[in-house]
Amino acid sequence: QVQLVESGGGLVQAGGSLRLSCAASGRTFSRYGMGWFRQAPGKEREFVAAISWSGGRTYYADSVKGRFTISRDDVKNTVYLQMNSLKPEDTAVYYCAAGGVVVTPDAGEYGYWGQGTQVTVSS
């Protein structure tokens, strides 16, 4: 079992930065691939970024590539999403998720989800 709690969301101007954190409970955190997803009002949930259980592989949606960075600290049981050069279209609720050992954008592969944190980017 893994419980996930996101934090770090907020209101930021376009071009600004935020760092999201996802704290995980459970001693098996290091065995899971981790992902970030987001859902904007009226839109379906979409993949943002993923990192493998070892941290050696990452994968990004084209819309955030070069602006966002996913990382993990297995000592702190935490995964991060550094978001730079934010745009109004990045506004959404951001969710972290824990899944299998592989890095994947498929939400169906993630069995554990956090409650989400709101990110609002003003123009």
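For the structure, see preceding data.
This one's a predicted model, so the numbers in the text were calculated from it and none came from an experiment.

**A short note on the state of the cysteines**
Each disulfide is one covalent bond, formed between the sulfur atoms of two cysteines.
Inference 1: By the definition in use, this model includes one disulfide.
Inference 2: Residue C22 pairs covalently with C96 via a disulfide, S to S 1.9 Å. The sign of the 40° torsion about the S-S bond sets the C22-C96 disulfide as right-handed. Of this pair, C22 sits in strand β3 (residues 18-25) while C96 sits in strand β9 (residues 92-99), placing them 74 residues apart in sequence. Like C22, the residue C96 is buried in the burial classification.

**A short note on a nonpolar patch on the surface**
Inference 1: Taken together, the side chains of W53, V101 and V102 make up a nonpolar region of the molecular surface, amounting to roughly 300 Å² of accessible area.
Inference 2: Mapped onto the secondary structure, V102 falls in the loop between β9 and β10 (110-113).
Inference 3: Assessed through its relative accessible area of 52%, V102 is described here as exposed.

**Focus on the packing of aromatic side chains**
Inference 1: This model, assessed by the stated rule, comprises six aromatic pairs.
Inference 2: Where F37 meets F47, the ring centres are 5.6 Å apart and the plane angle is 70°; that geometry is what we call edge-to-face. A residue pair is termed long-range when its members are at least 10 positions apart, and F37 in strand β4 (residues 34-39) and F47 in strand β5 (residues 46-51) qualify at ten residues. For the pair formed by F37 and F47, the shared burial category is buried.

**What to know about unusual backbone geometry**
Inference 1: The backbone of N77 shows a phi angle near 55°, a positive value even though the residue is not glycine.
Inference 2: Note on placement: N77 falls in the loop between β7 (68-73) and β8 (78-83).
Inference 3: Since its relative accessible area comes to 19%, N77 is described here as buried.
Inference 4: Even without being a glycine, S85 presents a positive backbone phi close to 50°.
Inference 5: Looking at where S85 falls in the secondary structure, it is placed in the loop between β8 and β9.

Rules of the game
- Residues numbered from 1 in each chain as written.
- Predicted model: local features only at pLDDT ≥ 70, side-chain atom pairs only at ≥ 80, totals over all residues.
- Heavy atoms only, no water.
- Disulfide = S-S within 2.5 Å.
- Helix = DSSP H or I, 4+ residues; strand = E, 2+ residues; numbered from the N terminus.
- Buried < 20%, exposed > 50% of the residue type's maximum accessible area, 1.4 Å probe, protein only.
- Patch = residues over 30% accessible without salt bridge, like charges linked within 9 Å, V, L, I, M, F, W, Y side chains within 5 Å.
- Areas by Shrake-Rupley, 256 points an atom, 1.4 Å probe, with all protein chains shown as cover.
- Salt bridge = Lys/Arg side-chain N within 4 Å of Asp/Glu carboxyl O.
- Phe/Tyr/Trp six-rings, centres within 6.5 Å; stacked < 30°, edge-to-face > 60°.

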